[in-house]
Amino acid sequence: ERKKTLAIRTRAKTKALVSSQVGIVDAMTRIAPREMNAQQFCALALRCVTDGPKNERAAKITFAGGVQAIVGAMKRFPSCVNLQKEGSGALANLCRLNLIARSHVSRDGVQVVLQAMRFLNGDVRTQCAGSRVICAVIGALEEDGLVSLDNDEDGIMAKILKSHSTFPDEQMANLIARICQ
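Residues numbered from 1 in each chain as written. Predicted model: local features only at pLDDT ≥ 70, side-chain atom pairs only at ≥ 80, totals over all residues. Heavy atoms only, no water.

Moving on, we come to the overall build of the protein. Each helix and strand counted, the protein has 10 helices and zero strands in total. Overall, the protein shows an N-to-C arrangement of helices and strands of α-α-α-α-α-α-α-α-α-α. Residues classed as buried in the protein amount to 45% of the 181 residues present. Partitioning the contacts of the protein with sequence separation of at least 6, the portion at a separation of at least 24 is 65%. A total accessible area of about 9,800 Å² is found for the protein, and carbon and sulfur atoms account for 54% of it. (Helix = DSSP H or I, 4+ residues; strand = E, 2+ residues; numbered from the N terminus. Buried < 20%, exposed > 50% of the residue type's maximum accessible area, 1.4 Å probe, protein only. Contact = heavy atoms within 4.5 Å. Areas by Shrake-Rupley, 256 points an atom, 1.4 Å probe, with all protein chains shown as cover.)

The next subject is the packing of helix α5 (residues 81-97) against helix α6 (residues 99-108). At a minimum axis distance of 5 Å, the contact between α5 and α6 shows a crossing angle of 130 degrees. By the angle between their directions, the pair α5 and α6 is classed as oblique. Crossing of α5 over α6 shows left-handed handedness. Residues Leu-91, Leu-94, Cys-95, Arg-96 and Leu-97 of α5 form the contact with α6, whose participating residues are Leu-99, Ala-101, Arg-102 and Val-105. (Axes fitted to C-alpha atoms, helices over the stretch in contact; angles between N-to-C directions. Parallel < 35°, antiparallel > 145°, perpendicular 65-115°, else oblique. Left-handed = near helix turned anticlockwise from the far one by under 90°.)

This brings us to helix α3 (residues 55-63). What sets the pattern is the α-helix's 3.6 residues per turn: residues three or four places apart point alike. Considered for burial, the residues of α3 that qualify are Arg-57, Ala-58, Ala-59, Ile-61 and Thr-62. Looking one or two residues beyond α3, the residue adopting positive phi is Gly-65, at roughly 95 degrees.

This part takes up the nonpolar core. Where a protein is soluble and globular, its nonpolar side chains tend to be buried together. Formed by 35 residues in total, the largest nonpolar core has its most connected members in Met-28, Leu-46, Val-67, Ile-70, Leu-91, Leu-94 and Val-133. At the level of secondary structure, the elements contributing two or more residues to this core comprise α1 (2-31), α2 (36-49), α3, α4 (66-76), α5, α6, α7 (110-119) and α8 (124-137). A per-element tally of this core places α5 first, with seven residues. Once you skip the residues sitting within four places of it in the chain, Met-28 turns out to touch Pro-33, Gln-39, Cys-42, Ala-43, Leu-46, Ala-69, Ile-70, Ala-73 and Arg-76. (Core = buried A, V, L, I, M, F, W, Y, C linked by side-chain atoms within 4.5 Å.)

The subject of this paragraph is α4. When you tally the buried positions in α4, you get eight out of 11 residues, the bulk of the element. For α4, every residue scored as buried is listed here: Gly-66, Val-67, Ala-69, Ile-70, Val-71, Gly-72, Ala-73 and Met-74.

Looking now at the pattern of salt bridges. Going through the model one piece at a time under the given rule, you end up with four salt bridges. Here Glu-86 makes a salt bridge to Arg-47, at a shortest N to O gap of 2.3 Å. With Glu-86 in helix α5 and Arg-47 in helix α2, this pair connects stretches of sequence that are 39 residues apart. For the salt bridge of Glu-86 with Arg-125, the shortest nitrogen-to-oxygen distance reads 2.9 Å. Here the residue Glu-86 occupies a position in helix α5, and Arg-125 occupies one in helix α8, the gap between them amounting to 39 residues. (Salt bridge = Lys/Arg side-chain N within 4 Å of Asp/Glu carboxyl O.)

Turning to the environment of Gly-139, a few remarks are in order. You can see Gly-139 is positioned in the loop between α8 and α9 (156-162). For the pair Gly-139 and Cys-95, spaced 44 residues apart in sequence, the C-alpha separation works out to 9.9 Å.

Attention now goes to the packing of α6 against α8. It is at 9 Å that the axes of α6 and α8 come closest, and there the two elements cross at 105 degrees. It follows from the interaxial angle that α6 and α8 lie roughly perpendicular. Side by side, α6 and α8 meet where Arg-102, Val-105 and Ser-106 of the first sit next to Val-133, Ala-136 and Val-137 of the second. Looking at the contact of α6 with α8 residue by residue, the class counts come to four nonpolar, one polar and one charged. (Nonpolar A, V, L, I, M, F, W, Y, C, P; charged D, E, K, R; others polar.)

When pLDDT is averaged along the protein, the result is 76; 69% of the residues meet or exceed 70. Ranking the elements of the protein by mean pLDDT puts α9 last with 55 and α4 first with 94. Taken together, the stretch residues 145-152 has pLDDT below 50 and engages in 13 contacts with residues farther than four places along the chain or on a different chain. (pLDDT = per-residue confidence, 0-100.)

Written out as structure tokens, the structure is:
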């Protein structure tokens, strides 16, 4: 009985999340576009709802203008650390899941992501997300079948990350292991 109740509750939460995704994008663009705290929490929410194999969610968010909302927020608040981190993560997830998001990011967001990577050059999560965005835009994600990161020290992702001089070797190994998960 308890398992059944938990399953029903989990499904209800999932349905609420799916229906609220457009609301998150709406909050970023129309309700609170000048509120830094609202923008960073919306970016966090978008990163969380697109984490994992959620193609339908990514499509809804992309068609609702999610990429443009995230990029716009990152441009408006370039010194907000959490917004840059979460925005890069959300863009990476959207690019991984949706080809249209990739085209929007390649047109609107690559400069913003590179700026976040430069600004937060010591933050592993931002570097990882930014590298995933760049690889998605150039069509070199592991999911695309063009690059294999497993035991491949010469893969494109490894080359990008190794070229970043602020990471010691131990951190680099951890970062590459994280990307391959």
